[in-house]
Amino acid sequence: AKYYISQSQFRLRSKDAYEELEEYIESYPYSPNKDQSLFSLGTINFEDQNFQKAINWFEQIDEKNLQSYDKTDYLFRKGYSYIKLKKYSKARPSFNELVGKETRYEKSATYYLGYCDYMLKNYPSALNKFRAIESDPEYHNIVPYYIVQIYYAMGNYDELIPYAENVLAKNPKAENNSEIHRIL
């Protein structure tokens, strides 16, 4: 009964939910519902933008014990929390698991996986991810600027110049255009 009470409080985002969940985990450390409770605690911290605490909870989870509808949220929140902590190599596996799967996070995971690769200077992989979503309405205003920077970093000027000129022509008043002008 304590599990269902703590989960109800979590779903309602009650002010007592965090304490109830912690008490449940302490009282029943071997419960089959422990991972679901850890996920709930991590989610509360994620929503509060306390990413280090969220990771502390998420890292304790055996994801095969999560309910299937929570697993995608878990993977995304864990990966995003690592990005916010600038731990890009730790974020990659979570996003990699979401890429190519038909979930609400598929495109976001592709973007963030590309972003991780970009930050880790794995430019060919980042370019591949960014090219896959560059025309998506959610990302078409930011991804082309990463692509320009990647072409520049890789010294691929034959691709850089026409691509950059095309970006400038499509978005003549975009605020990031100064970066492209600097590169050209």
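What you see is a predicted model, and the numbers here were worked out from it, not measured in a lab.

**Digging into the packing of helix H7 (residues 106–119) against helix H8 (residues 123–133)**
Each pair of packed helices gets described by two things: the angle between the helix axes and the distance between those axes.
Now for step 1: Their axes nearest at 8 Å, the elements H7 and H8 cross at an angle of 155°. Between H7 and H8, the angle is such that the two are roughly antiparallel. Once H7 is placed against H8, the crossing between them reads as left-handed. Seen from H7, the contacting residues are Lys107, Thr110, Tyr111, Leu113, Gly114, Tyr115, Asp117 and Tyr118; seen from H8, they are Tyr123, Ser125, Ala126, Lys129, Phe130, Ala132 and Ile133.
Now for step 2: Grouping the constituent residues of the contact of H7 with H8 by class yields nine nonpolar, three polar and three charged.

**Digging into helix H6 (residues 88–98)**
Now for step 1: Every buried residue of H6 is accounted for by Tyr88, Ala91, Ser94, Phe95 and Leu98. Down the axis, H6 shows its buried residues gathered within 120° of arc, on one side only.
Now for step 2: Lining the buried residues of H6 we find helix H5 (68–84) and H7.
Now for step 3: Positive phi shows up at Gly100, right after H6, with a value of about 85°.

**Some thoughts on the environment of Lys173**
Now for step 1: Mapped onto the fold, Lys173 is located in the loop between helix H10 (157–170) and helix H11 (177–183).
Now for step 2: Sequence separation between Lys173 and Lys90 is 83 residues, and the spatial gap between their C-alpha atoms is 36 Å.

**Here's the deal with the packing of H5 against H6**
Now for step 1: Contact geometry for H5 and H6: axes closest at 8 Å, N-to-C directions at 155°. The angle between H5 and H6 places the two elements in the roughly antiparallel class. Pair H5 / H6 crosses with left-handed handedness. On H6, the residues touching Lys71, Thr72, Leu75, Phe76, Lys78, Gly79, Tyr80, Tyr82 and Ile83 of H5 are Tyr88, Lys90, Ala91, Ser94, Phe95, Glu97 and Leu98.

**Here's the deal with the packing of aromatic side chains**
Now for step 1: Scanning the model with the defined rule gives 27 aromatic pairs in all.
Now for step 2: Centroid distance Phe58 to Tyr74: 5.8 Å. Interplanar angle 85°. Geometry classified as edge-to-face. Placement of the pair is Phe58 in helix H4 (residues 51–58) and Tyr74 in helix H5, with a sequence separation of 16 residues.
Now for step 3: For Phe58, a relative accessible area of 0% translates into the label buried.
Now for step 4: Tyr74 sits in the buried class, given a relative accessible area of 2%.
Now for step 5: Ring geometry for Tyr111 against Phe130: centres 5.9 Å apart, planes inclined by 45°, an arrangement best described as tilted. Linking Tyr111 in helix H7 with Phe130 in helix H8, this pair joins segments that are 19 residues apart in sequence.
Now for step 6: Look at Phe130 and you get buried, because its relative accessible area is 0%.

Cut-offs used in this document
- Residues numbered from 1 in each chain as written.
- Predicted model: local features only at pLDDT ≥ 70, side-chain atom pairs only at ≥ 80, totals over all residues.
- Heavy atoms only, no water.
- Axes fitted to C-alpha atoms, helices over the stretch in contact; angles between N-to-C directions.
- Helix = DSSP H or I, 4+ residues; strand = E, 2+ residues; numbered from the N terminus.
- Parallel < 35°, antiparallel > 145°, perpendicular 65-115°, else oblique.
- Left-handed = near helix turned anticlockwise from the far one by under 90°.
- Contact = heavy atoms within 4.5 Å.
- Nonpolar A, V, L, I, M, F, W, Y, C, P; charged D, E, K, R; others polar.
- Buried < 20%, exposed > 50% of the residue type's maximum accessible area, 1.4 Å probe, protein only.
- Arc of directions from axis to C-beta.
- Phe/Tyr/Trp six-rings, centres within 6.5 Å; stacked < 30°, edge-to-face > 60°.

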